[in-house]
Every structure is written in structure tokens, then in C-alpha cells.
Amino acid sequence: MQLTTSIRSALTAGAAATVLFTGATGAVAAPVAPAAAPASATTHSPYGQLRPLVVLSAERLATGDLVAAAKWGTGGPVDDPAREQEVLRAVAEQARQLGADPAVTVRFFRDQIEANKVVQRGLHRAWDADPGRAPTERPDLGQVRKEINRINHELVQALADSPQARSAPYCAPLLTAAAVRVRHERHLDALHTGALARSLRSVCA
């Protein structure tokens with residue numbers, strides 16, 4: 001909780017400017033294009049190990065916009081326990097195959113799932129309040145889930161590649177720095193900024 005609070009505080013400082021200048025109300029889709037890593041960060045550095053977790057988490061959150069649009073107007077709930085269990089089983093098995101900790105992986109993905117639902121609920125509230133901003137097309141949820149599965153696979157690999165950075169005492173400040181940079185690069189609005197902080201809650205041991 002302390003880590004989430006520190007990340008949220010740091011992100012909110014930047015997000016406030018985004019909301020002020022764009023008029024965002026938590027209903028602006030997060031850009032999907034992957035953010036470029038700083039030239040000074042290598043994949044072997046602690047920052048270089050943590051940054052992919054943030055980049056991929058932000059990329060996964062962007063799919064929340066598509067899932068929200070797919071569910072909009074169907075009367076279906078945001079929560080999908082069967083799908084969530086399917087995801088958790090899959091990532092736990094992948095973690096075992098990589099020699100990573102399945103329990104750590106499952107805990108991280110529970111945060112990813114909850115963060116995605118933060119986006120979905122936030123968008124549905126915004127669209128309820130202003131139907132004119134609601135999507136006019138419904139994405140194919142099956143195709144969206146294929147993209148989520150791809151990102152999940154990369155996230156499990158990133159977790160497996162970063163045990164030292166995630167357990168180090170400097171994990172929290174480096175993770176926060178990566179999150180602030182990704183928020184800036186992707187121009188995240190307040191809704192996606194808060195969801196990003198939620199998705200990173202259990203990264204650092």
C-alpha cells in the first residue's frame with residue numbers, strides 16, 4: 001500500500017497538468033503505442049528490468065478501453081470471474097515453466113486485473129454521464145483478449161527477468177521513476193494514471 005501511495009502521488013502530480021490542459025474526465029483512451037526506453041537504461045540495469053513491467057502494464061491498461069467498449073450497452077458486468085481464473089491459471093503455469101514464483105506472478109496479475117477493471121468502470125461512469133462520448137462501435141472481445149494474452153505472456157517474462165531489481169531496497173523509487181516517465185510518454189489521463197498505480201502495487205517485494 002505504501003508503494004502504491006508513493007507511485008500514485010508522483011503520478012498525480014503529472015496527471016493534474018494533463019487533466020488541466022486536456023480537460024480529461026477519466027474517459028480518454030490511453031495511447032497504445034509502446035513507449036521507448038531511455039537510451040541510458042539497459043535491460044541489465046535495475047531500471048531497465050523494472051521499466052518493461054511499467055510499459056507493459058500501461059499497454060495492458062489500454063486494452064481496458066477496448067474491453068469497456070465491447071461490454072458497453074450489453075448489460076454484462078465488468079467482473080468476469082471465469083475469465084480472471086483462466087488468466088491466473090495461465091500465468092501461473094507460464095511462471096512455473098520459466099522457473100519463476102507462481103504465487104508472486106498470480107499476485108501481480110490480480111493487481112493487473114483489478115487495474116483493468118478500474119479503467120472499465122471509470123469509462124462506463126463517464127459514458128453514462130455523457131452518452132455522446134460513448135463508443136459507437138463494439139470491438140470483438142475475443143480479439144481483444146488475444147492481445148491481452150500476448151501482453152500477459154510478456155509480463156510474466158518481465159517478472160521472471162527482474163527478481164533482483166524487484167527485491168532490492170531501491171525498487172520503489174526506480175519503479176516510481178519509470179511510472180512517471182511512462183505516464184508522461186503516453187499522456188495518461190487521471191483515470192489511467194490511477195489505474196497504472198494500482199497495477200504496480202505488488203511489483204516490489
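Our subject in this report is the structure included herewith. All values derive from a computational prediction rather than experimental measurement. (Residues numbered from 1 in each chain as written. Predicted model: local features only at pLDDT ≥ 70, side-chain atom pairs only at ≥ 80, totals over all residues. Heavy atoms only, no water.)

### Description of the side chain of K71
Consideration 1: Counting through the fold element by element, K71 comes out in helix α2 (residues 46-71).
Consideration 2: Buried charge without a salt bridge: K71, with D80 as the nearest opposite-charge side chain at an N-O distance of 5.3 Å.
Consideration 3: Among the polar contacts made by the side chain of K71, one reaches the side chain of Q120 at a distance of 3.3 Å.
Consideration 4: In this view, K71 contacts P77, V78, Q120 and H124; residues no more than four positions away in its chain are not counted. (Helix = DSSP H or I, 4+ residues; strand = E, 2+ residues; numbered from the N terminus. Buried < 20%, exposed > 50% of the residue type's maximum accessible area, 1.4 Å probe, protein only. Lys, Arg positive; Asp, Glu negative; His and termini not counted. Salt bridge = Lys/Arg side-chain N within 4 Å of Asp/Glu carboxyl O. Polar contact = N/O pair within 3.5 Å; in protein donor to acceptor, adjacent residues only side chain to side chain. Contact = heavy atoms within 4.5 Å.)

### Focus: the state of the cysteines
Consideration 1: For the coordinates displayed, the defined rule picks out 1 disulfide.
Consideration 2: Through a disulfide, C171 is tied to C204; the S-S separation comes to 1.9 Å. Judged by the sign of its S-S torsion, about -80°, the cystine formed by C171 and C204 is left-handed. Of the two residues, C171 sits in helix α7 (residues 171-186) while C204 sits in the segment after α8 (190-199), which places them 33 residues apart along the sequence.
Consideration 3: Looking at C171, the relative accessible area reads 0%, which means it is buried.
Consideration 4: C204 sits in the buried class, given a relative accessible area of 15%. (Disulfide = S-S within 2.5 Å.)

### Considering unusual backbone geometry
Consideration 1: Phi angles above zero are rare outside glycine, and H187 is one such case at about 55°.
Consideration 2: Inspection of the secondary structure assignment puts H187 in the loop between α7 and α8.

### Overview of the environment of P52
Consideration 1: By secondary structure assignment, the location of P52 is in helix α2.
Consideration 2: Taking the C-alpha atoms as reference points, P52 and E154, 102 residues apart in sequence, are found 8.9 Å from one another.

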